[in-house]
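The primary structure of each chain is shown beneath.
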Amino acid sequence: MPLTPVSNLRHLMLVAVCALVAALALDSAPLHAAQAEVQAATRTTAASTATAKPSIVWRGDIVSARGFVNDLVGIYKRELKGTLTVQPFSTISGIDAVISGSADVAGSARAMNNKRDTEVPLVFQPIALDAIVPITHPRNAVASISLAHLRQIYLGRINNWKELGGADAPINLYSIAAPLDGVEFSFRRLIYKRGEQRIAAPRLYLNTGKLEEAIALDPNGLGLSTLSSAYANRALKLLAVEGIYASTQSIADGSYPLFTTLYVVQREDSPNLAAIEGFVRFLGEAPAMDVMRRHQLVPYAEAGDVYSRDGARLAVIDAAIVAVTPADVAAMPRERELTPPLSAPRATLQAGIATAPGSESTQRARAEVDRAEAKKTARDKDAKNSGKSD
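Cut-offs and rules
- Residues numbered from 1 in each chain as written.
- Predicted model: local features only at pLDDT ≥ 70, side-chain atom pairs only at ≥ 80, totals over all residues.
- Heavy atoms only, no water.
- Phe/Tyr/Trp six-rings, centres within 6.5 Å; stacked < 30°, edge-to-face > 60°.
- Helix = DSSP H or I, 4+ residues; strand = E, 2+ residues; numbered from the N terminus.
- Buried < 20%, exposed > 50% of the residue type's maximum accessible area, 1.4 Å probe, protein only.
- Contact = heavy atoms within 4.5 Å.
- Polar contact = N/O pair within 3.5 Å; in protein donor to acceptor, adjacent residues only side chain to side chain.
- Core = buried A, V, L, I, M, F, W, Y, C linked by side-chain atoms within 4.5 Å.
- Axes fitted to C-alpha atoms, helices over the stretch in contact; angles between N-to-C directions.
- Parallel < 35°, antiparallel > 145°, perpendicular 65-115°, else oblique.
- Left-handed = near helix turned anticlockwise from the far one by under 90°.

Here we take up the packing of aromatic side chains. Taken as a whole, this structure holds six aromatic pairs when the rule is applied. With 5.7 Å between their ring centres and 80° between their planes, Tyr-76 and Phe-279 make a pair best called edge-to-face. Here Tyr-76, found in helix H2 (residues 62-80), pairs with Phe-279, found in helix H9 (residues 273-283); they are 203 residues apart in sequence, far enough to count as distant. Residue class for Tyr-76 comes out buried when judged on its relative accessible area of 0%. Through a chain of ring-to-ring contacts, the aromatic side chains of Tyr-76, Phe-279 and Phe-282 assemble into a single cluster.

This brings us to unusual backbone geometry. As a rule of thumb, non-glycine residues mostly have phi less than zero, and peptide bonds are mostly trans rather than cis. You will see that Lys-193, though not glycine, has its phi angle at about 70°, which is positive. Mapping Lys-193 onto the fold places it in the loop between helix H5 (182-192) and strand S7 (203-205). The residue Glu-242 is not glycine, and still its phi comes out positive at about 55°. When you line up the elements, Glu-242 lands in the loop between strand S10 (240-241) and helix H8 (248-252).

In this section: the environment of Ile-62. The topology assignment puts Ile-62 in helix H2. Residues Ile-62 and Gly-182, 120 residues apart in the sequence, show an inter-C-alpha distance of 9.7 Å. Those residues in contact with Ile-62, other than ones at most four positions away along the chain, are Pro-88, Phe-89, Asn-207 and Gly-209.

For the rest of this paragraph, the subject is H5. Most of H5 sits out of view: 11 of its 11 residues are buried. For H5, every residue scored as buried is listed here: Gly-182, Val-183, Glu-184, Phe-185, Ser-186, Phe-187, Arg-188, Arg-189, Leu-190, Ile-191 and Tyr-192. The N-capping residue of H5, defined by a side-chain oxygen 3.3 Å from the backbone nitrogen of Val-183, is Asp-181. Positive backbone phi, approximately 70°, marks Lys-193, located one or two places after H5.

What follows covers the side chain of Ser-228. By the secondary structure assignment, Ser-228 is in helix H7 (residues 227-230). The class for Ser-228 is buried, based on a relative accessible area of 2%. A polar side-chain atom of Ser-228 sits 2.6 Å from a polar atom in the side chain of Asp-130. Side chain to side chain, Ser-228 and Thr-226 meet in a polar contact 3.3 Å long. Here Ser-228 is in contact with Val-63, Gly-67, Asp-130, His-295 and Leu-297, once residues within four sequence places are set aside.

Bringing the nonpolar core into the picture now. Ranked by internal contacts, the top residues of the largest apolar core, which has 84 residues, are Phe-68, Ile-153, Phe-187, Leu-258 and Leu-283. In terms of residue count, strand S4 (residues 123-136) provides more of this core than any other element does, eight residues in total. Residues within four places of Phe-68 in sequence aside, it is in contact with Ile-127, Leu-262, Leu-283, Val-291, Met-292 and Leu-297.

Within an α-helix, residues lying three or four positions from one another point in the same direction, as the helix has 3.6 residues per turn. Counting buried positions along helix H6 (residues 208-215) yields six of eight residues, so the element is predominantly enclosed. Listed in full, the buried residues belonging to H6 are Thr-208, Gly-209, Leu-211, Glu-212, Ala-214 and Ile-215. Regarding H6, its N-cap is Asn-207, as a side-chain oxygen of that residue lies 3.2 Å from the backbone nitrogen of Gly-209 further along.

We now examine the packing of H2 against helix H10 (residues 286-294). Helix-helix packing is characterised by the crossing angle of the two axes and by the distance between the axes. Running from N to C, H2 and H10 cross one another at 155°; their axes reach a closest spacing of 9 Å. In this view, H2 runs roughly antiparallel relative to H10, as classed from their interaxial angle. Here H2 runs over H10; the crossing is right-handed. Together, Gly-67, Phe-68, Asp-71, Leu-72, Ile-75 and Glu-79 of H2 and Pro-287, Ala-288, Val-291, Met-292 and Arg-294 of H10 make up the contact between the two elements.

Structure follows, in structure tokens:
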């Protein structure tokens, strides 16, 4: 049927409208696609922000890793929905990693070495008490060793097991190559009053784990480990010291003379400070402390007056080694690893750091300490200027 002029005009208008709609649709396609991409990215960012998880890189000594950190990985993930990456090697490697920023926290089997300027700004937070234990091969007949004997052995002045009541065989002494290793440093600080004391150990290893492996193969071997690291190792024999075996009980009551403190070390200016403070709080909670107890550690929160027990055991050590200690060394003052109970406001800050390092009250306590120290500095300056004017 032929089209009338009117219907033909309508047909042409309809075709034009359809063409225009199609053109608009094609022109707006890139815009719609871009809008969709922006919306998708926004949703992804929002979801990522909402599900952000704390992440901690821990590096440090083998004994802390074995003692509790390895077992905390799963618990930390379950309790805080976070990631804990463990890099066990040695105390000094962990501390240096925190200083450089390649690790968030370090596991340290020793206190701060204030002779290293790079360590002074760090925070050493006590986490648990452990015991330094002399270890040997299970076939070795010696069961106990005295503090005086230990002092002389590590100086190379006793070198036969017969002098300790054992077989007529050489003492093969093993030690750690790194001079600032946690266990060895703490031991030397107790026995020689200085952690950097040189010793006569010809067999040197990178860390305590490797040392334990070597002694497990040597019936005449002798070295140092910790209770938490070696208690379950049937290839090793843990020696008593002064007739007292290391145990959580003898650590807690201070009767075992070589108890030591394990620390986590952090930078206060770390960009990951919120996660670090959360991790430190987590270490003081029941699931983490249960892990410590299972590995023969005494959680620091349950240790009581460690400072007083530390003073008493240092007196015991000094009395035990006095006969083999040069007079000038015996007269040296003790450099205490642990600090005395602190008066307010610093005590308030210390308590806050231990329980809630990121809380508002802890920040107020920190500001109060800063003000108190500023006032003390001003007073000291005034006193010095007054002295000059006199």
